[in-house]
Amino acid sequence: MTLLTVWADDEPGTPLRRTEDGEKIAAELGQLGVRFERWPVVEELPAEPTSEQVLAAYADQVARVVDTEGYVLVDALSMNPTVDPEQAAQARRKFLAEHTHDDAEDRYFARGAGAFYLHIDRNVYAVLCEAGDLLSVPADTRHWFDMGTRPDWVAIRFFHEEDGWVGNFTGSGIAATFPDFDTLVATR
Ligand SMILES: [Fe+2]
């Protein structure tokens, strides 16, 4: 199940709230302008699916999001736990520090898990996403993403433009002060 943990941004040791209730998570994030949906998981994907296979499996839902949100590009990416550890660490580091994007960051997890940390006003909202979760981080929202030391996920990404996902790094060290993906998973 999805896990939402909320802290004050200067109190990483003291969670204010923690819930695995999907409706509460959608409601709390919705108040912040962050879309969160749960889709039925398609179990029949191959072990290492191509982007086309993932998009075909979720064709109806993807078409709805594209129509509603005006996306022009959609693809699916996979990270496999058997990948070379150095390659995995490199992929993990890429968005592990706080940053923003000029575009929204919509991601649907078809398999596996990853944690988005949203830094909104004076709070940090960690959304540990699992298969079936769609999270949309609005443009210009401070956030970071942790896929853990053994990245394992298949995710659909949506773009309004080719370079919409360039990271604008804030230079803040806040990400390192909060429990990481592996720690969140271990608390389940
Ligand atoms: Fe990002």
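What you are looking at is a predicted structure, and each value in this text was computed from that prediction instead of being measured. (Residues numbered from 1 in each chain as written. Predicted model: local features only at pLDDT ≥ 70, side-chain atom pairs only at ≥ 80, totals over all residues. Heavy atoms only, no water.)

Student: How would you explain the coordination of the iron ion if you had to name every residue and give the values?
Tutor: Around a metal, the idealised angle for a tetrahedral arrangement of four donor atoms is 109.5 degrees; for an octahedral arrangement of six donor atoms it is 90 or 180 degrees. Protein ligation of the iron ion involves His99 (NE2), His101 (NE2), Glu105 (OE) and His143 (NE2), the donor distances falling in the range 2.1 to 2.2 Å. Taken together, the four donor atoms coordinating the iron ion and their angles of 81 to 165° define a geometry best described as irregular. Each donor residue of the iron ion belongs to the same chain, and together they define the spacing H-x1-H-x3-E-x37-H. With respect to class, histidine 101 is no different from glutamate 105; both count as buried. (Donors = N, O, S within 2.8 Å, 3.2 Å for Na, K, Ca; no water. Tetrahedral: all angles 85-135°; square planar, octahedral: opposite > 155°, others 65-115°. Buried < 20%, exposed > 50% of the residue type's maximum accessible area, 1.4 Å probe, protein only.)

Student: So what's going on with the nonpolar core? Residues and values would help.
Tutor: Ranked by internal contacts, the top residues of the largest apolar core, which has 21 residues, are Leu29, Phe116, Leu118 and Leu135. Those elements giving two or more residues to this core turn out to be β1 (3–8), α1 (22–31), β6 (105–120), β7 (123–130), β8 (133–137) and β10 (153–159). No other element matches β6, which puts four residues into this core. Among residues more than four places away in sequence, those in contact with phenylalanine 116 are Glu105, Arg107, Phe109, Tyr125, Ala126, Val127, Cys129, Leu135, Val137, His143, Trp144 and Phe145. Formed by 15 residues, the second largest nonpolar core is a distinct cluster that contains Trp39, Tyr108, Ala110 and Leu134. (Core = buried A, V, L, I, M, F, W, Y, C linked by side-chain atoms within 4.5 Å. Helix = DSSP H or I, 4+ residues; strand = E, 2+ residues; numbered from the N terminus. Contact = heavy atoms within 4.5 Å.)

Student: Would you mind going over the pattern of salt bridges in detail, with residue names and values included?
Tutor: Following the criterion strictly, the structure yields 14 salt bridges and no others. Residues glutamate 86 and arginine 93 are paired through a salt bridge, measuring 3.6 Å at the closest nitrogen-oxygen approach. The exposure class assigned to glutamate 86 is partly exposed, which follows from its relative accessible area of 46%. Residues participating in the shared-partner salt-bridge network are Asp9, Asp10 and Arg122. (Salt bridge = Lys/Arg side-chain N within 4 Å of Asp/Glu carboxyl O.)

Student: Any chance you could break down unusual backbone geometry for me, citing the residues and the numbers?
Tutor: At aspartate 121, a residue that is not glycine, the phi angle is positive and equals roughly 55°. Positionally, aspartate 121 belongs in the loop between β6 and β7. Of note in the backbone geometry, aspartate 140 takes a positive phi value of approximately 70° without being a glycine. In this fold, aspartate 140 is placed in the loop between β8 and β9 (142–146). Looking at aspartate 140, the relative accessible area reads 56%, which means it is exposed.

Student: A description of helix α3 (residues 59–69) should follow, citing residues and the corresponding values.
Tutor: Looking only at α3, the buried set comprises Gln61, Val62 and Val65. The buried residues of α3 occupy an angular sector of 100° when the element is viewed end-on, so they sit on one face. Residues Asp60 and Asp67 are exposed on α3 and point more than 90 degrees away from its buried face. Residues of α3 that are buried make contact with β3 (35–38), β4 (73–79), β6, β8 and β10. Where α3 ends, the next residue or the one after it, glycine 70, has phi of about 70°, a positive value. (Arc of directions from axis to C-beta.)

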